[in-house]
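# Coordinate analysis (summary)
Listed here are the chains, written in short residue letters.
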Amino acid sequence: MENHQTEPQKEIKSDKYQTRILIAVALIILGVVFFVIALNQPRESSETVVRNTVKSSAVDKTSSKVENKTTAKNNAPAIKSTNKSVSFPINLNTCTAEDLMAIDNVGETRANAIIAYREHLGGYTSVEQLKNISGIGDAVYASIAPYVTV
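Our subject in this report is the structure included herewith. Numbering of residues starts from 1 in each chain and follows the order in which that chain's sequence is written. Totals for whole chains, interfaces and linings use all residues, but because this is a predicted model, local features are given only for residues with pLDDT of at least 70 and pairs of side-chain atoms are given and counted only at 80 or more. Calculation of side-chain values draws on the structure's entire complement of heavy atoms; hydrogens and water are dropped beforehand.

## A closer look at the overall build of the protein
Strands are runs of DSSP state E lasting at least two residues, helices are runs of H or I lasting at least four, and both sets are numbered from the N terminus onward. Scanning the protein for helices and strands turns up 5 helices and 2 strands. Here the protein holds 150 residues, and the buried ones make up 20% of them. Only heavy atoms matter for contacts: two residues are in contact if any of them lie within 4.5 Å across the pair. In the protein, of all internal contacts separated by at least 6 residues, the share reaching a separation of at least 24 is 48%. Computed by Shrake-Rupley with a 1.4 Å probe, the accessible areas treat only the displayed protein chains as cover when residues are assessed. Carbon together with sulfur atoms contributes 56% to the accessible area of the protein, which is approximately 11100 Å² in total. Only protein chains enter the accessibility calculation, which uses a 1.4 Å probe; a residue is then buried when its area is under 20% of its type maximum, exposed when over 50%, and partly exposed in between.

Here it is, written out as structure tokens:
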């Protein structure tokens, strides 16, 4: 049996097939690129806004920390102390940064982050909300939780 298709017709069918394959491959690659881009996009949430605020306030206070350390070196060793006594548990909705700094694992930056998140929320409803703050994971939360209340 003879093939009744002429040589140019075979080439046209072959070209159409190759074109379709190339288009399919290009679409797959394009889909993968969009998928990767979508996965790498940051999720905007209230936590992100608070974390960015806390990070920027921490950067602003870096220069004052350097000045305080320099002054402390010249006069006396720097010691973390508070002038007033703190009774535990501390209420997260009414405490000051100095009150929070009386707790182990809570320095100035973390205390300011807790206060900033309180202001963002309008007040804590549970102690577990501390876990939403950048830098407070399960271990730090476990060490802080017995000393705070709502």
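## Observations concerning helix α4 (residues 108-121)
Multiplying 1.5 Å by the helix residue count minus one yields the expected span of that helix. With 14 residues, α4 should reach 20 Å at 1.5 Å per residue; the first-to-last C-alpha distance of 20 Å fits that figure. Buried residues of α4: Ala111, Asn112, Ala113, Ile114, Ile115, Tyr117 and Arg118, and no others. Taken from the residues just after α4, glycine 122 is the one with a positive phi, measuring 85 degrees.

## Notes on unusual backbone geometry
With an omega dihedral of 0 degrees, the bond running from phenylalanine 88 to proline 89 counts as a cis peptide bond. Mapped onto the elements, proline 89 comes out in the loop between α2 (46-75) and β1 (90-91). At asparagine 105, a residue that is not glycine, the phi angle is positive and equals roughly 70 degrees. Following the sequence through the fold, asparagine 105 ends up in the loop between α3 (97-101) and α4.

## Focus: the pattern of salt bridges
Between Lys or Arg on one side and Asp or Glu on the other, a salt bridge is scored when a side-chain nitrogen of the former is within 4 Å of a carboxyl oxygen of the latter. Evaluated as defined, the whole model comprises 1 salt bridge. Linking aspartate 138 and lysine 131 is a salt bridge whose minimum nitrogen-to-oxygen distance equals 3.8 Å.

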